[in-house]
Amino acid sequence: MSLSRAVLAGFATLTFLSCGGGNTIKVGLVVPLTGDIKTFGESTRNGVMLAIDEANAGGGVNGKKIEVIATDDKNDPTETGNAGSKLLDMDRVVAIIGSVSSKCSLPLSDKCQSAKIPMITPTSTNPKVTVGEDGKRKDYIFRACFIDPFQGTVGAKFAYDSLKAKTAAVMYDVGNDYSKGLADYFKAAFEKDGGKVTSFESYAKDDVDFSALLTKIKQFSPDVLFIPDYYNKVGLIARQARQLGVKAVFLGGDGWDSPEMAKIAGDAIYGGYFTNHYSPDDPRPEVQEWVKKYQTKYGQKPDALATLGYDAALLLIQALKNAPNAKPDEIKAALGAIKDFPCVSGKITFDEWGNPIKSAAVLEYTKDGQKYVTTINP
Ligand code: PHE
């Protein structure tokens, strides 16, 4: 086994395992390894590769090693489309794991669906990743995570029931399917609970100065400020909000999970809560074993992305075991048949939309790092 690197067609392509000949099962990986959310891509890749390396060390699947061809989508939907075309048309992979952000998984899922190649997104939570504009299930597409209608409801319930919030302001990125979707789901759920949304404000992807929006929001003194975006934006917003004297408790979603968050936000993020897919403090033995294994290999605790990357790869490996010819249609059927499969983030059975039903963890940023608060079940 040798580690080979190839640069093809203008993409940085890393082939992590090359066994020579045609005796491997080729799988594509699409993640952001550069750009604004690169810690997400690195963690996801680390988790995926740990599972694949374990499978290959144990002899592979049905006598064949798994070869992962990784591409960088830079968290850009156009780049994602190009990466998908390369994997499907040139490398002829039999399945794809990816992408990370919903706005990239959306075009990738359309491509995989028309090519009839199964895709598992580890982390994209927007419902439309597995459902087309026509309302029909994209039946080649699956995910390892819960979806945002659930995540938004959990956030709203936590605000209303645990934080006793009666009013909330919401700020979201209008060009990010994840951010906009989660903002909408939170608002609907919070209002249903009896809460009042005092401001519902959007900004654009490249905005860095949020003072006008925050000044508007401050007038209503909301109990919480819900910021469903990724760590880089949330860090800036949190910092500027405190500078302007916004007193609200900050609340957000899985996009907050990054070792970079506290570096960007500083102490403004302390006391902020977010919903996530798992907590490394969960005492379940599966979780503790995973945390230890990951820490030994990569020198840090696995975040949710690493964990979901590992889980997505476990799901694919399990499906490959039940697809002796490793043909895309067989793999798709084997994925659909998975029931109560033990993953680190919980037991996975897909519903009719390719979504697992799982619980969510609520975590708090403190000066000592992330702290587990509670688990909320569907
Ligand atoms: N759920 C996010 C999205 O759909 C991606 C994400 C998952 C980010 C987990 C961080 C942690 O875009």
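As the structure is a prediction and not an experimental result, all values here were calculated from the model.

Each value, and the rule that gives it
- Residues numbered from 1 in each chain as written.
- Predicted model: local features only at pLDDT ≥ 70, side-chain atom pairs only at ≥ 80, totals over all residues.
- Heavy atoms only, no water.
- Near = heavy atom within 4 Å.
- Areas by Shrake-Rupley, 256 points an atom, 1.4 Å probe, with all protein chains shown as cover.
- 1 Å grid on protein atoms, 1.4 Å probe; cavity = no way out; pocket = protein on both sides within 12 Å on 5 of 7 lines; lining within 4 Å.
- Sits in = over half its atoms within 2 Å of the grid points.
- Nonpolar A, V, L, I, M, F, W, Y, C, P; charged D, E, K, R; others polar.
- Domains from an automatic or database assignment.
- Core = buried A, V, L, I, M, F, W, Y, C linked by side-chain atoms within 4.5 Å.
- Buried < 20%, exposed > 50% of the residue type's maximum accessible area, 1.4 Å probe, protein only.
- Helix = DSSP H or I, 4+ residues; strand = E, 2+ residues; numbered from the N terminus.
- Phe/Tyr/Trp six-rings, centres within 6.5 Å; stacked < 30°, edge-to-face > 60°.
- Lys NZ or Arg CZ within 6 Å of the ring centre and 35° of its normal.
- Pairing = 2+ DSSP bridges.
- Right-handed = clockwise from strand over helix to strand, strands pointing away.
- Expected span 1.5 Å × (residues − 1).
- Contact = heavy atoms within 4.5 Å.
- Points joined across faces, edges and corners; volume = space filled by probe spheres on them.
- Axes fitted to C-alpha atoms, helices over the stretch in contact; angles between N-to-C directions.
- Parallel < 35°, antiparallel > 145°, perpendicular 65-115°, else oblique.
- Left-handed = near helix turned anticlockwise from the far one by under 90°.

**A look at the site of the ligand**
Move 1: Near the ligand, the surroundings consist of 13 residues, among which Ser-102, Thr-123, Thr-125, Tyr-230 and Asp-254 are the closest.
Move 2: For the ligand, whose accessible area on its own is 320 Å², the fraction buried by protein is 100%.
Move 3: In this structure the site holding the ligand corresponds to the largest cavity.
Move 4: Residues that form the shell around the ligand fall into these classes: five nonpolar, seven polar and one charged.
Move 5: Split by domain, the shell around the ligand shows at least three residues from each of two domains, domain 1 (5–146 + 284–358) and domain 2 (148–276).

**Topic: the nonpolar core**
Move 1: Core analysis: the largest hydrophobic core is formed by 103 residues, its most contacted members being Ile-66, Met-171, Leu-225, Trp-290 and Leu-315.
Move 2: Broken down by element, the residue count for this core peaks at twelve residues, all from helix 10 (residues 304–321).
Move 3: Two domains each provide a minimum of three residues to this core, namely domain 1 (5–146 + 284–358) and domain 2 (148–276).
Move 4: Counting 15 residues, the second-largest nonpolar core is a separate cluster that includes Leu-88, Ile-117, Met-119 and Tyr-140.

**A short note on the packing of aromatic side chains**
Move 1: According to the stated counting rule, one finds 17 aromatic pairs in the structure shown.
Move 2: Taking 4.9 Å as the distance between ring centres and 45° as the angle between the ring planes, the aromatic pair formed by Tyr-172 and Phe-200 counts as tilted. Highlighted residues: Tyr-172 in strand 8 (residues 167–173) and Phe-200 in strand 9 (residues 196–203), separated in sequence by 28 residues.
Move 3: On the basis of relative accessible area, Tyr-172 is assigned to the buried category, the value being 8%.
Move 4: Its relative accessible area of 27% is what places Phe-200 among the partly exposed residues.
Move 5: Aromatic pair Phe-274 and Tyr-365: ring centres 5.2 Å apart, planes at 25°, arrangement stacked. One end of the pair, Phe-274, is in strand 12 (residues 273–276); the other, Tyr-365, is in strand 15 (residues 360–366), and 91 residues separate them in sequence.
Move 6: The ring of Phe-142 has Arg-137 sitting right over it, with the charged end atom 4.9 Å from the ring centre.
Move 7: Looking at Lys-187, its charged tip hangs above the ring of Phe-200, at a distance of 5.4 Å from the centre.

**Details of the pairing of strand 11 (residues 249–252)**
Move 1: Judged from the three bridges that link them, strand 10 (residues 224–226) and strand 11 form a sheet pairing that is parallel. Note on strand 11: the bridge partner recorded for Phe-226 is Leu-251.
Move 2: On the question of chirality, the crossover connecting strand 10 to the parallel strand 11 by way of helix 7 (residues 231–243) is right-handed.
Move 3: As judged from the two bridges shared by strand 11 and strand 12, these two strands associate in the parallel manner. Within strand 12, the position partnered with Gly-252 by the bridge is Phe-274.

**A few points about helix 4 (residues 148–162)**
One turn of the α-helix equals 3.6 residues, which is why residues spaced by three or four share an orientation.
Move 1: For helix 4, which comprises 15 residues, the first-to-last C-alpha distance of 20 Å matches the rise-based estimate of 21 Å (1.5 Å per residue) to within 8%.
Move 2: Turning to helix 4, the residues buried within the fold contact helix 5 (177–193), strand 11, strand 12, strand 15 and strand 16 (369–376).

**A look at the layout of surface pockets**
Move 1: The calculated volume of the largest pocket comes to roughly 420 Å³.
Move 2: Lining the largest pocket we find 26 residues, and of these Asp-257, Pro-259, Lys-301, Gly-369 and Gln-370 sit closest to its centre.
Move 3: Listed by contribution, the elements that provide at least two residues to the lining of the largest pocket are helix 8 (261–265), strand 15 and strand 16.
Move 4: Ranked by the residues each element gives to the lining of the largest pocket, the list is headed by strand 16, at four residues.

**Some details on the packing of helix 4 against helix 5**
Move 1: Relative to each other, helix 4 and helix 5 sit at 45°, their axes nearing to 8 Å. With respect to helix 5, the element helix 4 is oriented oblique. The handedness of the crossing between helix 4 and helix 5 is right-handed. Contacts between helix 4 and helix 5 involve Asp-148, Pro-149, Gln-151, Gly-152, Thr-153, Gly-155, Ala-156, Lys-157, Ala-159 and Tyr-160 from the former and Tyr-178, Leu-182, Tyr-185, Phe-186, Ala-189, Phe-190 and Asp-193 from the latter.

**Things to note about the sheet that holds strand 8**
Move 1: Taken in spatial order, the seven strands line up as 9-8-10-11-12-15-16 in an open sheet, and their pairing is mixed. The sheet is open, and its two edges are formed by strand 9 and strand 16, each paired on a single side. Recorded for the sheet is a direction-independent mean angle of 25° between the axes of neighbouring strands.
Move 2: Here strand 8 pairs with strand 9 via seven bridges, running parallel. Bridge pairing in strand 9 links Ala-169 to Ser-199.

Everything listed here is a matter of geometry and, on its own, says nothing about what the molecule does.
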